[in-house]
Amino acid sequence: MPQPLVGKIQYDRVKGTPVARPRRTALEQAYVVEVVKGLGVTMRHFFKNTKSMFRGERPDAVKDPLSEGITTLAYPEQKKVYPPRFRGVHRLTLRNDGSPRCVACLCCSTACPAQCIYIEAGEYPDGDNRRGYERYPVKFVIDELRCIFCGYCVEACPCDAIRMDTGRHAVPYDSREQFIYGKAMLMSLESADGKQLAENPRHEPPDPTHPGIDRLKGAH
Amino acid sequence: MPSIKLDGQDIPFEKGDTIIRAAARQGIEIPHYCWHPGLSVAANCRMCLVEIDPMQNRRQIVLDVLQWDAAKGDYVPGKKPKLEPACQAECIEGMVVKSDTSPHVALARKNVQEFLLLNHPVDCPICDQAGECKLQDYWLSDQKTAKRMRDEVVHKPKAVEFGDTIVYDAERCIVCTRCVRFMEEVAKDPVLDKRERGNLGEIVLAQGRKLEGHYTMMTDHVCPVGALTTKDFRFKARVWFLRKAQTVCPGCATGCNAWLDYDPRTGEVPRLRPRDNEAVNKYWMCDDGILTHRRVNEDRVLHGYLGRGTKRERVNPGQALTAAAKLIKGGNVAIVLSAQHSTEDNFALAQLGRALGVSELYLSRLKDWDGDDILRDNDHNPNVRGAQQAAGDLKLRPLSELSGAKVVLALGGIADVDDETVLALAEAKIVTIASNHGPLTLNADVLLPAASWAETHGTFVNRQALEQEFHAGARPSGESLPGWDIVSRLARTLGQAIGFTRYADVRAAMGPRNTTPNAAPPPADAAPPAPAE
Amino acid sequence: MSPVLVSILGSAIKIAIAVGFSLNLGGLLTWLERRQMAMMQDRIGPHRADIKLGGKKFTFAGLLHPAADAVKFFFKEDFVPPNADKLLHSLAPMLALFPPLVLMGVVPMFDTVCPESLRNNLWHEIPRFGTCAMASTAKQLGPISGQVVDINVGILYVFALAGMGIVGATIAGWSSDNKFSLLGGLRAASQLVSYEVAMGISIVGAMMVYGSLRLDEMARWQGENTWGIWVQPLGFILFLTAAIAETKRTPFDLPEGESEIVAGYLVEYSGFKFAMFYTGEYIEIVISSALVTALYLGGYNIPFLHRDGITLSLGDDILWHKGLPHLVVILLQLGTFLGKVTVLCWAQIFIRWTLPRFRYDQLMKLGWRMLLPACLVNVFLTGIALLAFDRSSPATHDTFQVIGDALNWVVLAGMVFFPLWLVWGMFTPSSFISRRNELRGRRSAAAAAAVATEEASAH
């Protein structure tokens, strides 16, 4: 039986070191001098920047975005260079035969803090060449509007089947439905350098190098 | 009571108990795969090995072993006690057993675990057992090492169909033979067997046979790993998304205890699992019982409707209630209880009948089905006794005897009625409170959506007159409400308040439950005769 | 030309200059403010609105944005809240816009013009001292003053009309039927009333020195002696502070206070009514700049430029004299005045984008417990100084004359040097600290240090 906490807690006096009050000189209190100093700072920026605009000597906003001076990007014409590990819109990687690598294990949707991934698992029919993949996503839907681009799905994926290396940022659309990316859409996307396969190919059951799924084909 | 000492704790036991069973009674789990409380002992998985201290008149077996000495950088000779399987060693008064406290046991478990996982495909992401798999649990509690074998694992058949309900994956199988023993000992149909030895071992079907009968799906539930999976649940959900609620199978009068696994996000109920109850179903359920989860999402009445056939239109529940009240006020009402609904629903309806001045009630029910001696009762209805309790002093007659009523107020859509009764009923105006579509909803003039048994609290009274409570899992789907709630709302609309606004009100009016099983057959006059075939 | 026609024509031209200048500069300030603050904050500012001329796009450095804004304001819905007072809601923007506009009427933009002297010769020069001959006959042309209206209580008229600004903001806040608006209106009322007092008294010192209430005489005094900022430095700061507070702009923008009360009394205004408030605010900047110019920064005067031309002097010594035609002098003075006002507007924008907003209690404290006593002290000190000056010897007077001229020299030097400095600065290439190079340098320095320690340890 948990005891009620009321009346049991001993509240200690809050301990801490007192914060030193700022000491201001009379000149600072007068405010006028400080105002002039502040104006000096803004004026320095103003004249420097105005001159650089006139002379066309602005620092390169794309290459050196942290430089002094005006580093504003003229967005549609200039674009920021995304770092190589930038997390963009998702893509589903493909196997060599063009089917998705995804095995619909739902690890990504389990890891997803925004719960934006919906998957329905299925089996390839008997006799299908891909029967050995066992499980594949019949539906794979990501609500890109709900996604927070944390990349947990990529981390969670045991098959390298979902990646965020498209280099595309979330695109604005004019209706909510357009943000809901289906399986076909996700499979059609490419990585920033134009790849659709994953980086680490592996033996697939129909592959001649695969040891086989049948006991009789095994090497033992 | 005699007792043994397990890890310093006193464990009482009954004569004939094994160590693992005595521990399990006390809620202590000794890691195991092949042992199952309801099956015979096979002792083939070697996971439950324990160290038993030497006793009087019992010679301790000590083995010579080579142990790695890190300081010397070489193996040195050493000794270790011979461990015994806890599932097979019988308890003896004063026995001192070490399980979690023995380093030898810990090493043994670790090695057994590594051995079992040697050829395992480790395809947990696509395995339905993941999340409730003993291989995973014991890896985490007893192994925690990476795989050391660098060879290609042994490949065995995958996705083999064992019949219409079960799929077998030999690579995941640890050949514990629980399924083999279940089919032989419980289902009395020895259709499964094991072939080959060691890493080639696998479960096979008897020549020319399929896994069939009423108890195939239990093989999935006894399987400690993901080797056997039901087609019904295969790839439907990941178990960590599911929540469980205590429920009772609505399939027959046995009233098997079960876990209702539901998805709290969507309200779907993808499966039912047996819940242990020595008094009723022990550890088992039949296939049809397990499949009753389909009733939660199939053929549901989710909204209020008015009119028959093509004239049927959807209305909101308030309108449906008003229309029902208008019909009932017309007089000459026949009230039909349901053997498929909970006692609470029936009780509320019977109370309404009393308020309306009805002298006799009718009961709708399913026809008997093929019962057996294992679990299945001949009575296909979960709650005939509950309906009788609810009727109390009022006379309860079968539905086929209903005639001449102007208005019929029926609970439950599922019932077996013959054509004559359907025709007779169709002449009257019918108000049906139902969760699922059936013959009684077909001609209903007013259809009120009731919550399914999985979505409400309630009670079923089984063949032993045991009143078993079940709990709500998912929230009521659509616009449905619990049956007793609809009845009491209807009563309020009619101006006949029966005083129920909460589930607790109904329970309070009904009195305490009978929780003592009564094995005696029901009194002959209480059960209305089943409709003739 | 008949004298009546000339005086009417003169007034029309003055009105055109005054109204045209304040309205246009007000519009231009909307652009200037945005570009200037962008430059202060290392951004570019509006520069994308373009117009196609002959298949080419021109943006005119963003100057089309005010035009685009105006078009937008015209076509926006004129929204009035359902429970608002319709009449007052419509009246408020007018009350906010027109008082500042008519204020410009009493500010002298140039020295008195003598049209009679120009009748025969447009390049006629007139003497430095003495005003024009009054119209003795009906046929002679009378003098035209540098103000639109030449009233002898000029500065009181200014205060009277500046007080109207309170009414506009307050009834805007009250009539909008909005809590934020009401709060904004109340803040505006109390703030403006408080600073009105300080503003009125801050100028008393200047009036005592100049010995007049007429703005044209004040300007003339500054031309003959030295700029008001030198004789009334404290008064200048106090008046500038109060004037900025009267324009309701940062750091005194509590009536709007976006982060506290959304936009204060402006919340329920849109479309052209909002544009009127907006324009009124910018015109107030222009007017306050004009008043500061006229009262303290020499009005239309350039040092050593007098009615007869340029006379460089120090005390009684005349160093150099060059006569200039009357018309040229007048035009130079007009240009000077407009230039000074523009520069002061620019400076006010600097103040706005540099200082953070006061808290309300700080605002009130500053108004009543700092500015007001300081103003009274200023009046007191000025009185003592004037008494002492009046009783001092003629030699002291001469000394002060020399000091005044010396200060004029300083101002002139500044007026020449500063633009030259700007132009010279334009020819030197700009340099920025590149973050990239800095990091690279730091990395190589660290590498060099590592090598050095390695070598040291190896020895």
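Conventions and cut-offs
Numbering of residues starts from 1 in each chain and follows the order in which that chain's sequence is written. Following the order in which they are written, the chains are lettered starting with A and the ligands numbered starting with 1. Local features in a predicted model are, by the rule used here, given only for residues with pLDDT of at least 70; side-chain atom pairs are given and counted only at 80 or more, and totals for whole chains, interfaces and linings are based on all residues. Hydrogens are left out, water is left out, and the side-chain values use all remaining heavy atoms of the structure. By definition, any uninterrupted DSSP run of H or I lasting at least four residues is a helix, any uninterrupted run of E lasting at least two residues is a strand, and each is numbered from the N terminus. Relative accessibility under 20% of the residue-type maximum defines a buried residue, over 50% an exposed one, and the middle range a partly exposed one, all with a 1.4 Å probe and only protein chains included. Should any heavy atoms of two residues lie within 4.5 Å, those residues are considered in contact. For any pair of parts, buried area is found by adding up, for both, the accessible area (1.4 Å probe) each one loses once the two are put together. By definition, a salt bridge exists where a carboxyl oxygen of Asp or Glu is found within 4 Å of a side-chain nitrogen of Lys or Arg. The definition of a polar contact used here is a pair of N or O atoms within 3.5 Å, where within protein one atom must be able to donate a hydrogen and the other to accept one, and adjacent residues in sequence count solely through side-chain atom pairs. Basically, the charged four are Asp, Glu, Lys and Arg, the nonpolar ten are Ala, Val, Leu, Ile, Met, Phe, Trp, Tyr, Cys and Pro, and anything else, Gly included, counts as polar. Here, the term nonpolar core denotes a set of buried Ala, Val, Leu, Ile, Met, Phe, Trp, Tyr and Cys residues that are joined through side-chain atoms within 4.5 Å. What a helix is expected to span follows from its residue count: subtract one and scale by 1.5 Å. Two strands are counted as paired when DSSP detects at least two bridges linking them. Seen with its strands pointing away from the viewer, a crossover is right-handed if its path from the first strand over the helix to the second goes clockwise. Structural elements are reduced to axes, namely lines fitted to C-alpha atoms, with helices fitted over the stretch in contact, and the angle between N-to-C directions of any two is expressed from 0 to 180 degrees. Any angle between 65 and 115 degrees counts as roughly perpendicular, while under 35 counts as roughly parallel, over 145 as roughly antiparallel, and the rest as oblique. In a left-handed crossing the near helix is turned counterclockwise from the far helix by less than a right angle, and in a right-handed crossing that turn is clockwise. For Phe, Tyr and Trp, where Trp contributes only its six-membered ring, two rings pair if their centres lie within 6.5 Å, and the inter-plane angle classes them as stacked under 30 degrees, edge-to-face over 60, or tilted in between. As a reminder, the over-ring test applies to NZ of lysine and CZ of arginine, requiring each to be within 6 Å of the ring centre and within 35 degrees of the ring normal. Patches here: salt-bridge-free residues with over 30% relative accessible area, like charges joined within 9 Å, nonpolar side chains (Val, Leu, Ile, Met, Phe, Trp, Tyr) joined within 5 Å. Each accessible area is a Shrake-Rupley result for a 1.4 Å probe, and residues are judged covered by the shown protein chains and nothing else. The sign given to each residue is positive for Lys and Arg and negative for Asp and Glu; His and the chain ends receive no count. Think of each charge as sitting on NZ of Lys, CZ of Arg, CG of Asp or CD of Glu.

Participant: Just give me the short version of the overall build of chain B, but keep the residues and values in it.
Facilitator: Helix and strand content of chain B: 14 helices and 25 strands. Counting only residues that meet the buried cut, chain B has 54% of its 533 residues in that class.

Participant: Before we move on, can you summarise the interface of chain B and chain A with the specific residues and values?
Facilitator: With 23 residues of chain B in contact, the opposing surface of chain A contributes 19 residues. Approximately 1800 Å² of surface area, both sides summed, lies buried where chain B meets chain A, with 57% of it carried by carbon and sulfur atoms. Looking at the side of chain B facing chain A, the largest losses of area belong to Ile126, His155 and Phe235 of chain B, adding up to 35% of the total buried there. Put simply, chain B and chain A have four salt bridges between them. Taking the shortest distance from any N to any O, the salt bridge between aspartate 128 of chain B and arginine 135 of chain A comes out at 3.6 Å. Between chain B and chain A we count four residue pairs in polar contact (both at pLDDT 80 or more) in total. For the side of chain B that touches chain A, a count of residues per class yields nine nonpolar, one polar and 13 charged.

Participant: Please set out the pattern of salt bridges residue by residue, giving values where relevant.
Facilitator: Residue and element names in this part refer to chain B. Tallied over the full model, the rule gives 67 salt bridges over all chains. The partner of glutamate 161 in a salt bridge is lysine 231, with the nearest N and O atoms 2.9 Å apart. Residue glutamate 161 is found in strand 8 (residues 160-161), and its partner lysine 231 is found in the loop between strand 12 (228-230) and strand 13 (243-248); the two are separated by 70 residues along the sequence. The exposure class assigned to glutamate 161 is partly exposed, which follows from its relative accessible area of 46%. Of the residues examined, lysine 231 reaches a relative accessible area of 30% and is grouped as partly exposed. For the salt bridge of aspartate 261 with arginine 271, the shortest nitrogen-to-oxygen distance reads 2.7 Å. Of the two residues, aspartate 261 is situated in strand 14 (residues 257-262) and arginine 271 in strand 15 (residues 271-274); the sequence distance between them amounts to ten residues. Accessibility assignment for this pair places aspartate 261 and arginine 271 in one class, buried.

Participant: Please set out the nonpolar core residue by residue, giving values where relevant.
Facilitator: Core analysis: the largest hydrophobic core is formed by 82 residues, its most contacted members being Leu29, Ile203, Leu215, Phe239, Leu295, Phe337 and Val341 of chain C. A total of twelve residues in this core trace back to one element, the largest contributor, which is helix 13 (residues 271-296) of chain C. Setting aside anything within four residues of it in sequence, one finds phenylalanine 337 of chain C in contact with Met104, Val107, Pro108, Met109, Ala290, Thr293, Gly299 and Tyr300 of chain C. Counting residues in hydrophobic clusters, the runner-up holds 58 residues, among them Ala187, Cys223, Leu228 and Cys249 of chain B.

Participant: How would you explain helix 7 (residues 179-202) of chain C if you had to name every residue and give the values?
Facilitator: Taking 1.5 Å per residue, 24 residues should reach 34 Å; helix 7 of chain C reaches 34 Å between its end C-alpha atoms and fits that length. With a side-chain oxygen positioned 2.7 Å from the backbone nitrogen of phenylalanine 180 of chain C, the residue opening helix 7 of chain C is asparagine 178 of chain C.

Participant: Quick one: what's the story with the pairing of strand 22 (residues 429-434) of chain B, residue by residue and with numbers?
Facilitator: All names here are of chain B. Summarising burial for strand 22: five of the six residues are buried, a large majority. Strand direction decides the pairing type here: strand 21 (residues 407-411) and strand 22, joined by five bridges, are parallel. Pairing of leucine 409 across the sheet is with valine 431, part of strand 22. Following the chain from strand 21 across helix 11 (residues 419-427) to the adjacent parallel strand 22, one finds a crossover that is right-handed.

Participant: How would you sum up the packing of helix 13 of chain C against helix 14 (residues 326-354) of chain C? Please name residues and give values.
Facilitator: All names here are of chain C. Taken N-terminus to C-terminus, the directions of helix 13 and helix 14 make an angle of 120°; their axes are 8 Å apart at the nearest point. In terms of axis orientation, helix 13 runs oblique to helix 14. For helix 13 against helix 14, the interelement crossing comes out right-handed. Contacts between helix 13 and helix 14 pair Glu281, Ile285, Val286, Ser288, Ser289, Ala290, Val292 and Thr293 from the former with Phe337, Lys340, Val341, Leu344, Cys345, Gln348 and Arg352 from the latter.

Participant: Quick one: what's the story with the sheet that holds strand 18 (residues 333-338) of chain B, residue by residue and with numbers?
Facilitator: Residues and elements named next belong to chain B. Spatially, 17-16-23-22-21-18-19-20 is the arrangement adopted by the eight strands of the open sheet, whose pairing is mixed. Taken across any chain shown, the strands that pair with only one partner, and hence form the sheet edges, are strand 17 (313-315) and strand 20 (395-398). Neighbour-to-neighbour, the strand axes of this sheet turn through a mean angle of 25°, independent of strand direction. Relative to strand 20, strand 19 (residues 360-364) is paired through four bridges, and the arrangement is parallel. What sits directly across from leucine 361, in strand 20, is leucine 396.

Participant: Which residues make up the environment of tyrosine 265 of chain C, and what are the values?
Facilitator: Residue and element names in this part refer to chain C. Note that tyrosine 265 resides in the loop between helix 12 (258-261) and helix 13. Between the alpha carbons of tyrosine 265 and leucine 186 there is a distance of 8.9 Å; along the sequence they are 79 residues apart. Not counting residues within four places of it along the chain, the set of residues in contact with tyrosine 265 comprises Ala169, Ala172, Gly173, Ser176, Ser181, Gly184, Gly185, Lys248, Pro255, Glu256 and Phe277.

Participant: Describe unusual backbone geometry, listing the residues and the values that go with them.
Facilitator: With a phi angle near 55°, aspartate 160 of chain A is a residue other than glycine that sits in the positive phi range. The residue aspartate 160 of chain A is located in the loop between helix 4 (152-156) and strand 4 (162-163) in this model. Residue classification places aspartate 160 of chain A among the buried residues on the basis of a relative accessible area of 16%. The backbone phi angle of alanine 61 of chain C is positive, close to 55°, even though this residue is not glycine. Tracing the backbone shows alanine 61 of chain C in the loop between strand 2 (56-58) and helix 2 (64-75).

Participant: Before we move on, can you summarise the sheet that holds strand 3 (residues 305-306) of chain C with the specific residues and values?
Facilitator: All names here are of chain C. Taken in spatial order, the three strands make up an open sheet running 3-4-5, and their pairing is antiparallel. Of all the strands in the sheet, just strand 3 and strand 5 (317-323) have a single pairing partner and so form its edges. Both strand 4 (residues 309-314) and strand 5 contribute to a ladder of six bridges, which runs antiparallel. What sits directly across from glycine 309, in strand 5, is glycine 323. Sheet strands in contact with helix 16 (residues 394-426) are strand 4 and strand 5, and its direction is about 120° off that of strand 4.

Participant: Any chance you could break down the interface of chain C and chain A for me, citing the residues and the numbers?
Facilitator: Contact residues are listed per partner, giving 30 residues for chain C and 32 residues for chain A. With both sides pooled, the region where chain C packs onto chain A buries about 2800 Å², and carbon together with sulfur makes up 66% of that total. Considering only the side of chain C, the residues that lose the most area to chain A are Met39, Asp42 and Phe432 of chain C, jointly responsible for 24% of the buried surface there. Linking chain C with chain A are one salt bridge, by the criterion used here.

Participant: Now, about the packing of aromatic side chains: what can you tell me, with residues and values included?
Facilitator: Both the distance between ring centres and the angle between the ring planes are used here to describe each pair of aromatic rings. The final tally for this structure, using the stated rule, is 36 aromatic pairs over all chains. Centre to centre, the rings of tyrosine 269 of chain C and phenylalanine 277 of chain C are 4.9 Å apart; their planes meet at 70°, and the pair counts as edge-to-face. On the basis of relative accessibility, which here comes to 5%, the residue tyrosine 269 of chain C falls in the buried class. Clustering of aromatic rings is evident, with ring pairs tying together Phe46 and Phe47 of chain A together with Trp346, Phe350, Phe418 and Trp421 of chain C. Positioned over the ring face of phenylalanine 233 of chain B is arginine 271 of chain B, at 4.6 Å from the centre of the ring. Across from the ring centre of tryptophan 259 of chain B, 5.6 Å away, lies the NZ or CZ of arginine 275 of chain B, which sits over that ring.

Participant: Go over the pairing of strand 10 (residues 192-195) of chain B with me, naming the residues and quoting the values.
Facilitator: Residue and element names in this part refer to chain B. Across four bridges, strand 10 lies against strand 11 (residues 202-205) in antiparallel orientation. Counterpart to lysine 194 in the pairing with strand 11 is isoleucine 203. Between strand 10 and strand 11, which follow one another and run antiparallel, lie six residues, and glutamate 196 among them has a positive phi close to 60°.

Participant: Break down helix 8 (residues 317-329) of chain B for me, citing the residues and quoting the values.
Facilitator: All names here are of chain B. Along its 13 residues, helix 8 runs 18 Å from first to last C-alpha, staying within 8% of the 18 Å computed at 1.5 Å per residue. Those residues of helix 8 not exposed but buried are Ala320, Leu321, Ala323, Ala324, Ala325 and Ile328. Looking one or two residues beyond helix 8, the residue adopting positive phi is glycine 331, at roughly 95°.

Participant: Give me the lowdown on a positive patch on the surface, citing residues and values where you can.
Facilitator: Judged by side-chain charge, Lys63 of chain A together with Arg436, Arg440 and Arg443 of chain C come together as a positively charged surface patch. Along the polypeptide, arginine 443 of chain C turns up in helix 17 (residues 435-458).

Participant: Describe the packing of helix 1 (residues 3-40) of chain C against helix 13 of chain C, listing the residues and the values that go with them.
Facilitator: All names here are of chain C. Relative to each other, helix 1 and helix 13 sit at 105°, their axes nearing to 8 Å. One way to sum up the angle between helix 1 and helix 13 is to call them roughly perpendicular. Residues Phe21, Ser22, Leu23, Leu25, Gly26, Leu29, Thr30 and Glu33 of helix 1 form the contact with helix 13, whose own contacting residues are Tyr278, Thr279, Tyr282, Ile283, Ile285 and Val286. Of the residues that constitute the contact of helix 1 with helix 13, the class distribution is nine nonpolar, four polar and one charged.

Function-wise, these values are silent; they only describe arrangement.
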